[in-house]
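Examination of the molecular architecture
Residues per chain are reported as follows:
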Amino acid sequence: MTRSPATLLLVRHGQTVWHAENRYAGVSDIALTDEGRRQARRLGEWAARHPVDAIRTSTLSRAIETARPACRALGLTPRHDHDLRECDFGEVEGRTLAEFEAEHPKQGREYRADPVAHPFPGAEDPRAAAARGATALRRIADEHPGGRVLVVAHNTLLRLVLCELLSIPLGAYRRVFPKLRNTAISEVRIGERGGALLSLNVPCAPGDPEVPCAPDDPAVPNAADAPRAPGVSP
C-alpha cells in the first residue's frame, strides 16, 4: 500500500545576537534577540492560521524558544530531535567568515569555492550533517503520513538537507540556497519517491521585511569582496 507523503514546514529559528553580527553559532547555545522573540511570536500567529499536526525542533534553545509560541497557539507539545541541531563549525564558532579569512586567506578561499570539500578546521563533516538531517526529516515524514509538521531548525543544516533531499550537489548549498530567512517558511513534501520543494523563504507574516542576500557564488565577480547586507548568512 502506498504511503501518503508528509508535508514538512521547515523554519529557521529567530534571530540571535551572533546571527545579527553574521557570526557562526553552530552548536553554541546562543539566545534569541528581542527581534528573534518577535519573529517567534509572528510564527505563532502563522501557526494559528495554518495548523499543523506536530512540531519538531532541534535541541538548541534558540530553536525551542522560536517554536514555543506556535506550540501554545496549537496546544501541541514539541518533540526535540538532536539530529536537527546545527552543524558544528569548529574553530569558527562565534567568529565571522571575514575574521577567519583575515587569518587564513587560502582556507577561506577554498571554503567559498566548496564548503563541503573544505570545511572549517575542526568542523563537523557537512556530508555527515546532511545525512543525519535528511534521515531525521524522512523519519518525521514516516511518522506523519499525509500530515503536516512544523520543523524548527537551523540555516546551514536545512540548506544541506534540502540539497540532499533534492539531489543537488552538497558543495553548491551556499550558492543554490544563499540564505533561509529567520522564521520564513520553506515547504517540502517527502514521500516514498523522495522529496519535492513546494516553496522557499515565504514570510510567516504579511509585510515582514526581506533582507536581500549577498552574492556567495565564487563565479560572481568580486563576490568575496561584496558588502554583506545585515543578517545575511555566512
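Below or above, wherever it landed, is the structure these notes cover. Counting restarts for each chain, with residues numbered from 1 along the sequence as it is written. A pLDDT threshold of at least 70 governs which residues receive local features in this predicted model, and a stricter bar of 80 or more applies before side-chain atom pairs are shown or counted, although totals over entire chains, interfaces and linings include all residues. As a rule here, side-chain values come from all non-hydrogen atoms in the structure, and water together with hydrogens is ignored.

The axes are straight lines fitted to the C-alpha atoms, using for helices just the contacting stretch, and the angles between their N-to-C directions are given from 0 to 180°. Helix and strand assignments come from DSSP, with helices taken as H or I runs of at least 4 residues and strands as E runs of at least 2, each series counted from the N terminus. Orientation of helix H2 (residues 34-49) relative to helix H3 (residues 61-74), taken along the N-to-C sense of each, is 30 degrees, at an axis distance of 7 Å. Taken together, the axes of H2 and H3 are roughly parallel relative to one another. As H2 runs across H3, the sense of the crossing is right-handed. Every residue of H3 that contacts H2 at Arg37, Ala40, Arg41, Leu43, Gly44, Ala47 and Ala48 is listed here: Glu65, Thr66, Pro69, Ala70, Ala73 and Leu74. Under the scheme applied, nonpolar residues are Ala, Val, Leu, Ile, Met, Phe, Trp, Tyr, Cys and Pro; charged residues are Asp, Glu, Lys and Arg; polar residues are all the others, including Gly. Here the contact of H2 with H3 is built from residues that sort into eight nonpolar, two polar and three charged. Note that the term roughly parallel is reserved for angles under 35 degrees, roughly antiparallel for angles over 145, roughly perpendicular for angles of 65 to 115, and oblique for everything else. Here is the rule for handedness: rotate from the far helix to the near one, and if that takes an anticlockwise turn smaller than a right angle the crossing is left-handed, while a clockwise turn gives right-handed. Pairs of residues are marked as contacts when any of their non-hydrogen atoms sit within 4.5 Å.

Turning our attention to the nonpolar core. In a soluble, globular protein the nonpolar side chains are often hidden away together inside. We define the nonpolar core as a collection of buried residues of types Ala, Val, Leu, Ile, Met, Phe, Trp, Tyr and Cys that are connected through side-chain atoms lying within 4.5 Å of one another. Residue exposure (1.4 Å probe, protein chains only): buried if accessible area is under 20% of the type maximum, exposed if over 50%, otherwise partly exposed. Membership of the largest hydrophobic core comes to 37 residues, with the highest contact counts inside it found for Leu8, Leu10, Phe120, Leu137 and Leu160. Those elements giving two or more residues to this core turn out to be strand S1 (6-12), helix H4 (97-103), helix H6 (126-143), strand S4 (148-153), helix H7 (155-166) and strand S5 (185-191). Leucine 160 has contacts with Cys87, Val116, Pro126, Ala129, Ala130, Leu170 and Tyr173, leaving out every residue within four places of it along the chain. Within the second largest apolar cluster, 15 residues are counted, among which are Leu9, Val11, Ala67 and Ala70.

Salt bridge criterion: a side-chain nitrogen from Lys or Arg within 4 Å of a carboxyl oxygen from Asp or Glu. Enumeration over the complete set of coordinates arrives at 13 salt bridges. Here arginine 56 makes a salt bridge to glutamate 143, at a shortest N to O gap of 2.3 Å. Here arginine 56, found in strand S2 (residues 54-57), pairs with glutamate 143, found in helix H6; they are 87 residues apart in sequence, far enough to count as distant. The partly exposed category is assigned to glutamate 143, whose relative accessible area is 37%. Among the salt bridges present, the one from arginine 132 reaches glutamate 124, with a minimum N-O distance of 2.9 Å. We note that arginine 132, like glutamate 124, is buried. One salt-bridge network, held together by shared partners, links Glu21, Arg23 and Glu99.

Right, let's get into H7. A rise of 1.5 Å per residue sets the reference length of H7, with its 12 residues, at 16 Å; its end C-alpha atoms lie 17 Å apart and thus fit the reference within 8%. Here H7 lies mainly inside the structure; 10 of its 12 residues are buried. Every buried residue of H7 is listed here: Asn155, Thr156, Leu157, Leu158, Arg159, Leu160, Val161, Leu162, Cys163 and Leu165. In this structure, the buried side of H7 is in contact with S1, H6, S4, helix H8 (173-176), S5 and strand S6 (194-202). A positive phi of about 60 degrees marks serine 167, the residue just after H7. By this rule, a helix spans an expected 1.5 Å times one less than how many residues it contains.

These values are about where atoms sit, not about what they do.
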